[in-house]
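One letter stands for each residue in the lines below.
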Amino acid sequence: MEFIIASDYDGMSRKAADVVESVMKDAPECVLGLATGSTPIGMYGCLVEDTAKGDVSFANVSTFNLDEYCGLTGDHDQSYRYFMDQNLFDSVDVDKAKTHVPNGCAADVDQMCEEYEQAIEDAGGIDIQVLGIGHNGHIGFNEPCDHFPVITHEVDLTESTINANSRLFDDISEVPRKAVTMGIGTIMKARKVVVLANGEGKADIISRAFTGPVVPEVPASVLQLHPDVTVVLDAEAASKLDIA
Ligand code: PGA
């Protein structure tokens, strides 16, 4: 596990974009696993700028997002499809047909989840998975529980996640109670993982996830078992990390 510690959010975003771009330059037809949330917005900004400059191209890239709320269509401004369009897809040369976000409105959710797993496999598997981390250690919407869920599946969101995400909705009652997420197994199959975190509020969970025991109560701790993880932090998020 490699740690890259930047002084601030912009530095974290730049370093994380460099990690992703190095995979894209080595393999222009690569498969990216992507994440939503506040954390990666700056990284997506760097990717948009670098694409405009011609340093990197999404023309032959496929993407798979980690998760999506249940019940929100792609044109809802809090859906993760909408987030990706706004923050990345509409501003780079990606073929939208090659961008995938789980369908949170599928009539048969289990079937959709199976098809999502199959589509990742058919694309050749994920070359690099971008992850944020929740204050409770969740990755994707894999919330703390007593086991590591393996494949893409429907989840009940915890009160902690609903509260954290309510800042983006007019009212907490509008926050969906369910979501669809890649499983821990799906994430662990990615050939490379890059985790981003910034701010003091993430310092405790970063320390627990990466220097504490590997337990499903801290889902991100499983990444200690992955052979190729880069954790990109700002100084605040790294402030409780004892990696000397
Ligand atoms: P955040 O969310 O980037 O908005 O902090 C991270 C997450 O919950 O995975």
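Predicted model, so just to flag it, every value in this text is computed and none were measured. (Residues numbered from 1 in each chain as written. Predicted model: local features only at pLDDT ≥ 70, side-chain atom pairs only at ≥ 80, totals over all residues. Heavy atoms only, no water.)

(A) Expanded view of the overall build of the chain. Across its full length, the chain carries seven helices and ten strands. Computed over its C-alpha atoms, the radius of gyration of the chain comes to 17 Å, within 12% of the 18 Å expected for a compact globule of 244 residues. When the backbone C-alpha atoms are referred to their principal axes, the chain occupies close to 50 × 45 × 35 Å. Scored against the burial criterion, the 244 residues of the chain give a buried share of 55%. (Helix = DSSP H or I, 4+ residues; strand = E, 2+ residues; numbered from the N terminus. Rg over C-alpha atoms; globule rule 2.2 N^0.38 Å. Buried < 20%, exposed > 50% of the residue type's maximum accessible area, 1.4 Å probe, protein only.)

(B) Region of interest: the nonpolar core. Counting residues in each nonpolar core, the largest one holds 62 residues, and the members touching the most others are Val 20, Leu 32, Met 43, Phe 58, Leu 88 and Leu 223. Beyond its immediate chain neighbours, meaning those up to four positions away, Leu 88 contacts Leu 34, Tyr 44, Leu 47, Val 48, Phe 58 and Phe 83. Tyr 69, Leu 72, Phe 169 and Val 175 belong to the second largest nonpolar core, which has eleven residues in total. (Core = buried A, V, L, I, M, F, W, Y, C linked by side-chain atoms within 4.5 Å. Contact = heavy atoms within 4.5 Å.)

(C) Highlighting helix H7 (residues 203-211). Taken as a whole, H7 has its buried residues at Ala 203, Ile 205, Ile 206, Ser 207, Ala 209 and Phe 210. If you follow the buried residues of H7, they end up packed against strand S1 (2-6), strand S9 (192-197) and strand S10 (229-234).

(D) The arrangement of the packing of aromatic side chains in detail. On inspection of all chains with the given rule, the structure shows seven aromatic pairs. Aromatic side chains Tyr 69 and Tyr 80 sit 4.9 Å apart centroid to centroid with 40° between the ring planes, which places their arrangement in the tilted category. Here Tyr 80 lies in helix H3 (residues 80-87) and Tyr 69 lies in strand S4 (residues 67-69), a separation of eleven residues in the sequence. Overall, Tyr 80 belongs to the buried group, its relative accessible area being 11%. Pairing Tyr 80 with Phe 141 gives two aromatic rings, centres 6.0 Å apart and planes at 20°, and the pair type is stacked. Remark: Phe 141 occurs in the loop between strand S6 (128-131) and strand S7 (153-156) and Tyr 80 occurs in helix H3; sequence separation between them is 61 residues. Like Phe 141, Tyr 80 is buried. (Phe/Tyr/Trp six-rings, centres within 6.5 Å; stacked < 30°, edge-to-face > 60°.)

(E) Region of interest: the side chain of Ser 62. Inspection of the secondary structure puts Ser 62 in strand S3 (residues 62-65). Taking the relative accessible area as the measure of exposure, Ser 62 reaches 13% and is therefore buried. Apart from the residues lying within four places of it in its own chain, the contact partners of Ser 62 are Cys 30, Val 31, Leu 32 and Lys 98.

(F) Representation of helix H2 (residues 41-52) in the model. The terminal C-alpha atoms of H2 lie 17 Å apart, and with twelve residues this matches the ideal 16 Å at 1.5 Å per residue to within 8%. Looking at the buried side of H2, the elements it contacts are helix H1 (9-26), strand S2 (31-34), H3, S6 and S9. One or two positions beyond H2, positive phi appears at Gly 54, with a value near 85°. (Expected span 1.5 Å × (residues − 1).)

(G) Structural view of the site of the ligand. For the ligand, the full set of nearby residues is Gly 37, Ser 38, Thr 39, Gly 132, Ile 133, Gly 134, His 138, Arg 167 and Lys 202. A distance of 2.6 Å is found between an oxygen atom of the ligand and a side-chain nitrogen or oxygen belonging to His 138. Contact distances for the ligand include 3.1 Å between an oxygen atom and a side-chain N or O atom of Arg 167. Contact with the protein chains removes 80% of the 280 Å² of surface that the ligand exposes when unbound. Residues of the shell around the ligand, tallied by class, amount to one nonpolar, six polar and two charged. (Near = heavy atom within 4 Å. Polar contact = N/O pair within 3.5 Å; in protein donor to acceptor, adjacent residues only side chain to side chain. Areas by Shrake-Rupley, 256 points an atom, 1.4 Å probe, with all protein chains shown as cover. Nonpolar A, V, L, I, M, F, W, Y, C, P; charged D, E, K, R; others polar.)

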